[in-house]
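# Coordinate inspection notes
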Amino acid sequence: MTDVHVVGVGMTRFGKHPDSDAADLGAEALHGAVADAGIDPRLIEAAYCGHVFQGMVTGQRILAQVGLAGLPLANVENACSSGATAIREASLAIRAGENDVVIAIGTEHLTSKFSGALTPDPSDPEAAVGATMPGVYAMRARRYMEEFGMTREQLALIPVKNKRNAAQNPLAHFRKEITVEDVLASRPIADPLRLHDCSPVTDGAAAVIVMSDKAAKKYANGRGIRLAASTLRTGSVDVEPTSMTYEPLTWKTAKEAYEKAGIGPEDVDFAEVHDCFSIAEVLRVEGLGLFEQGQYPWAVERGEADINGRLPINPSGGLIGKGHPLGGTGVAQVVELVRQLRGEAGSRQIEGARIGVAHCRGGKAVGIEGAACTVQILVR
Amino acid sequence: MPWRIAEGGTLTVPAPGISFRPGELETHPDGTGNLLGSRCRACGAHFFPIREACAGCLSDDLETVRFSTRGVLYTFSIVRQSVPAFEVPYALGYVDFPEKVRIMGQISGCDFDDIKIGMDMELVLEPFGTDDEGNELTGYRFRPVEADND
Ligand SMILES: [Zn+2]
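Residues numbered from 1 in each chain as written. Chains lettered and ligands numbered in written order. Predicted model: local features only at pLDDT ≥ 70, side-chain atom pairs only at ≥ 80, totals over all residues. Heavy atoms only, no water.

### A word on the overall build of chain A
Along the backbone of chain A there are 13 helices and 11 strands. Against the 2.2 N^0.38 benchmark of 21 Å for 380 residues, chain A shows a C-alpha radius of gyration of 19 Å, consistent with a compact globule. For the C-alpha atoms alone, the extent of chain A along its principal axes is close to 55 × 45 × 40 Å. Within chain A, buried positions represent 64% of all 380 residues. Considering only intrachain contacts with a sequence separation of at least 6, the fraction spanning at least 24 residues in chain A is 78%. (Helix = DSSP H or I, 4+ residues; strand = E, 2+ residues; numbered from the N terminus. Rg over C-alpha atoms; globule rule 2.2 N^0.38 Å. Buried < 20%, exposed > 50% of the residue type's maximum accessible area, 1.4 Å probe, protein only. Contact = heavy atoms within 4.5 Å.)

As structure tokens, then:
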């Protein structure tokens, strides 16, 4: 079976784009990925497009805009894991031998669809009593503080770190560094979380081109980064209440990815994880097995997760700093991994990075731990 | 008006009310109610909301049951930004019930500052918005059991 290689990556600036829509943004990301790959766009054989709120056939609108309509294309919705799921679908098409060159696009024009707190689907029993995503993560933060003694100040170090990284990322939504005091003084959203603990409402898109061994050899001149694993899982139904300070879903998805890639968490050099809220970064990295349970806030305090630390987390700025255009997020994580692994990350470059992990986790439905979780491992 | 004010005037209970979600909350003529779920006859696991099959053993031999009305607060938050249907701020929490189900609900009947993880909570019925025709609906909230003695 062929390996899968990420050969071209592109993304728009993340932020507010009042003058464009999801298709415009997707088209810009696609052009970026094609230019980066240095290929004739007609080599692309199939496309997958991840988005959440952009309406029917958003992917087809993107292809029509760039003159590539006619390809097989599937739109993919998996909440915040939509873009990552599109990459997984693209990689499966390669591994199955069906295609040699496939593009995965993730896009979202979120500012035109929504403002304020994201909630589960209104049909959900928890949405019916007032569940919001910040509220749910705030409850997890409260419980984590109770169980492990994490302080509010420690939690604030995560948005401080991620916005410091974002300040080094020209495509990030936020380019301004903040302090712990700024976090603690920002507007309360759902206690104990405040505005700076939350990822913003962001427009943006990203695209990656993946290739088979054969195509990568022919068109990429060894510039490809190997997508060693791309796994996806849905949370199980709880048979009894389980800890909300640990993520079995993240671990199961990661474990399968580590096994496929033939590595363990100890081999990972850096990670982009789904920090939709500050507490989420804690839960993700511990769920991925990258840090011991109950320990991450102290590791952050020691600088271990900084770009020049032992195990950099969210060098791009993460969702909190770079921004979180739902469908675009998972693809943009892989863009960051590729840029880091190629040594093209400029002032936020991680020295000697060889193995990177991207993790997304999205959606909420009553009684299950999480709706869609993805883990991708890229190896230079 | 279908509402009556309980002794002390602190708790408004419907008598009887239209459940905001009849599949999940059963309201009784005396103003009390129960959250509804499934119990697996094969392995005894409980689920909220009602399910078609057991996630533990995949049996489809499930019965609908009324859950206990008292449980323990697992965690909570004060929500200060929400969708227009909900007036902020409100307290939101997860309560663990003896049937081993964890159910989310708003918390009422106490100051935000008095809410603590591990508190004993009880289910109370309260007005909870209106339906499309303007009928007032009955929903549930959780209230600290201690609030009875205040
Ligand atoms: Zn069972």
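### Regarding the interface of chain B and chain A
Residue-level contacts link 36 residues of chain B with 39 residues of chain A. A buried area of about 3000 Å², summed over both sides, lies between chain B and chain A, and 61% of it is on carbon and sulfur atoms. Across the contact surface, chain B and chain A share two salt bridges. For Asp191(A), the salt bridge identified is with Arg80(B), shortest N-O distance 2.8 Å. Sorting the residues of the side of chain B that touches chain A by element identifies strand 6 (46-47), strand 8 (70-79), strand 9 (90-97) and strand 10 (101-107) of chain B as the ones contributing at least two each. When residues in the side of chain B that touches chain A are grouped by element, the largest group, six residues, is from strand 8 of chain B. Of the residues that constitute the side of chain B that touches chain A, the class distribution is 20 nonpolar, nine polar and seven charged. (Buried area = accessible area lost by both parts, 1.4 Å probe. Salt bridge = Lys/Arg side-chain N within 4 Å of Asp/Glu carboxyl O. Nonpolar A, V, L, I, M, F, W, Y, C, P; charged D, E, K, R; others polar.)

### Overview of the environment of Ala271(A)
Turning to its location among the elements, Ala271(A) is positioned in strand 9 (residues 270-272). Distance from Ala271(A) to Ile377(A), taken between C-alpha atoms, is 9.2 Å for residues 106 residues apart in sequence.

### Some details on the coordination of the zinc ion
All names here are of chain B. Taken together, Cys 40 (SG), Cys 43 (SG), Cys 54 (SG) and Cys 57 (SG) make up the protein donors of the zinc ion, found 2.3 Å from the metal. Taken together, the four donor atoms coordinating the zinc ion and their angles of 102 to 119° define a geometry best described as tetrahedral. Mapping the donors of the zinc ion onto the primary sequence gives the spacing C-x2-C-x10-C-x2-C. Residue Cys 40 is located in strand 5 (residues 33-40), and its partner Cys 57 is located in the loop between strand 6 and strand 7 (62-66); the two are separated by 17 residues in the primary sequence. Residue class for Cys 57 comes out partly exposed when judged on its relative accessible area of 37%. (Donors = N, O, S within 2.8 Å, 3.2 Å for Na, K, Ca; no water. Tetrahedral: all angles 85-135°; square planar, octahedral: opposite > 155°, others 65-115°.)

### Some remarks on the environment of Cys360(A)
Residues and elements named next belong to chain A. Inspection of the secondary structure assignment puts Cys 360 in strand 10 (residues 355-362). Separated by 16 residues in sequence, Cys 360 and Gln 376 have C-alpha atoms that sit 8.9 Å apart. Setting aside residues up to four positions removed in sequence, Cys 360 forms contacts with Cys 80, Ser 81, Ala 84, His 274, Thr 329, Gly 330, Gln 333, Ala 372, Cys 373 and Thr 374.

### Some details on the packing of aromatic side chains
Scanning the entire structure with this criterion turns up 10 aromatic pairs over all chains. Between Phe291(A) and Tyr296(A), the ring centres sit 4.8 Å apart and the planes meet at 65°, which makes this aromatic pair edge-to-face. Relative accessible area serves as the criterion here: at 6%, Phe291(A) is assigned to the buried category. Residue classification places Tyr296(A) among the buried positions, given a relative accessible area of 0%. Put simply, the rings of Phe20(B), Phe86(B), Tyr90(B), Phe97(B), Phe128(B), Tyr140(B) and Phe142(B) touch in pairs and so form one group of aromatic residues. Over the ring of Phe76(B) we find Arg142(A); its NZ or CZ atom is 4.0 Å from the centre of that ring. Just above the ring of Phe174(A) sits the side chain of Lys163(A); from NZ or CZ to the centre is 4.2 Å. (Phe/Tyr/Trp six-rings, centres within 6.5 Å; stacked < 30°, edge-to-face > 60°. Lys NZ or Arg CZ within 6 Å of the ring centre and 35° of its normal.)

### Quick look at the sheet that holds strand 9 of chain A
Residues and elements named next belong to chain A. The mixed open sheet is built from nine strands, whose spatial order is 3-2-4-7-1-8-11-10-9. Every other strand in the sheet has two partners, leaving strand 3 (73-76) and strand 9 as the edge strands with one partner each. Across the sheet, the mean angle separating the axes of adjacent strands is 25° when strand polarity is ignored. Sheet analysis places strand 10 next to strand 11 (residues 372-379), joined by eight bridges and oriented antiparallel. Across the sheet, Val 357 pairs through a bridge with Ile 377, a residue of strand 11. Across the sheet, helix 2 (residues 58-66) lies against strand 2 (46-50), strand 3 and strand 4 (101-109), angled at about 135° from strand 3, the strand it touches most. Of the strands in this sheet, strand 8 (225-233), strand 10 and strand 11 touch helix 9 (residues 248-261), which is tilted by about 145° from strand 8. (Pairing = 2+ DSSP bridges. Axes fitted to C-alpha atoms, helices over the stretch in contact; angles between N-to-C directions.)

### Details of the pattern of salt bridges
Where side chains of opposite charge bring their charged atoms close, a pairing between them can arise. All names here are of chain A. Scanning the entire structure with this criterion turns up 32 salt bridges over all chains. Residue Asp 197 pairs with Arg 152 through a salt bridge whose shortest N-O separation is 2.7 Å. Taken together, the residues span a long stretch of sequence, with Asp 197 in the loop between strand 6 (193-194) and strand 7 (203-211) and Arg 152 in helix 6 (residues 152-166) at a distance of 45 residues. Both residues of the pair, Asp 197 and Arg 152, count as buried.

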